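# Observations on the model geometry
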Amino acid sequence: VEATEVHLQRLDNIESALLWIQTLSTARLIVTGYGGGYRRFNLDQMLLRFTNLRHLELDGFDSHFSKHFWTTFLTPKSNLVSLSLGKDFELIADDFGRALKDEKAAPKLKEIRLDVIDITGGEPHLFDTREIVEPGWTDDCSFEQASSLENDISFRGIKLKGSFKAAILRQ
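Residues numbered from 1 in each chain as written. Predicted model: local features only at pLDDT ≥ 70, side-chain atom pairs only at ≥ 80, totals over all residues. Heavy atoms only, no water.

### Section: helix α5 (residues 143-155)
For α5, with 13 residues, the first-to-last C-alpha span of 18 Å sits near the 18 Å given by 1.5 Å per residue. Among the structural elements, α4 (93-101), β7 (111-114), β10 (159-161) and α6 (163-170) are those in contact with the buried residues of α5. Looking at the residues trailing α5, positive phi occurs at G157, about 80°. (Helix = DSSP H or I, 4+ residues; strand = E, 2+ residues; numbered from the N terminus. Expected span 1.5 Å × (residues − 1). Contact = heavy atoms within 4.5 Å.)

### Notes on empty space enclosed by the protein
Over the atoms, a rolled probe matching the size of one water molecule traces out where space is still vacant. On inspection of all chains with the given rule, the structure shows 1 cavity of 30 Å³ or more. Estimated volume of the largest cavity: approximately 40 Å³. Considering the residues around the largest cavity, the lining is formed by F65, S66, W70, F89, E90, I92 and D95. A breakdown of the residues in the lining of the largest cavity according to their chemical character gives 4 nonpolar, 1 polar and 2 charged. (1 Å grid on protein atoms, 1.4 Å probe; cavity = no way out; pocket = protein on both sides within 12 Å on 5 of 7 lines; lining within 4 Å. Points joined across faces, edges and corners; volume = space filled by probe spheres on them. Nonpolar A, V, L, I, M, F, W, Y, C, P; charged D, E, K, R; others polar.)

### Considering the pattern of salt bridges
Counting across every chain of the model gives 6 salt bridges. Across the pair E5 and R28 runs a salt bridge, and its minimum N-O distance is 3.6 Å. Of the two residues, E5 sits in strand β1 (residues 5-11) while R28 sits in strand β2 (residues 28-34), which places them 23 residues apart along the sequence. Several salt bridges share partner residues, and in doing so they unite K67, D95 and R98 into one network. (Salt bridge = Lys/Arg side-chain N within 4 Å of Asp/Glu carboxyl O.)

What follows is the structure, given as C-alpha cells:
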C-alpha cells in the first residue's frame, strides 16, 4: 500500500498491516484501537522502517517500546513534526526524556500530545506515603519523572499538549 496518510483502526494484527505499507511515501501514520482483545506487543521494528514520517499518532491499544527506541527513532535525520501518544500507551518517561535531551534529535519536532496520564482518578494510580491516591502516575512515569520530561520538552521549544500536562499542573 502506498499512501501519504495511513490510518489503521481496530485491527487484529497491526504488525502485519504495517508490513504492507510503503514506508517511504507515508508522512502521517495513525494507529488507533486494537480489535484482537488484550495483547501487549512491541512496535519498535515496524515503526523504525518509517523514515519519512512527519506525524505519528498511537492511541487505544496497549503497547510499549524498547529502552532505546526513542533515541533510535528521534535521530537528527528525523522528519517528525508532531507526535501523539494516547491513553493506553505505556510511556516510560526516562527513555523518552533521554532521547529529547539530545538537542540534535528530531530537529523538526514542534508538538507533542501526551494523553498517557489519567487525570480523572481512574487506574492506574499510586499511593503516596500517607496512602493518598495520586491519580494517573505509574511506575514508569512518576510525577518527578513527568516534571523532568516536561522540562526537557519545554527546553527544546516543543509545544506540549494533553492530559500529561494537565496532570502536572494539577499536582
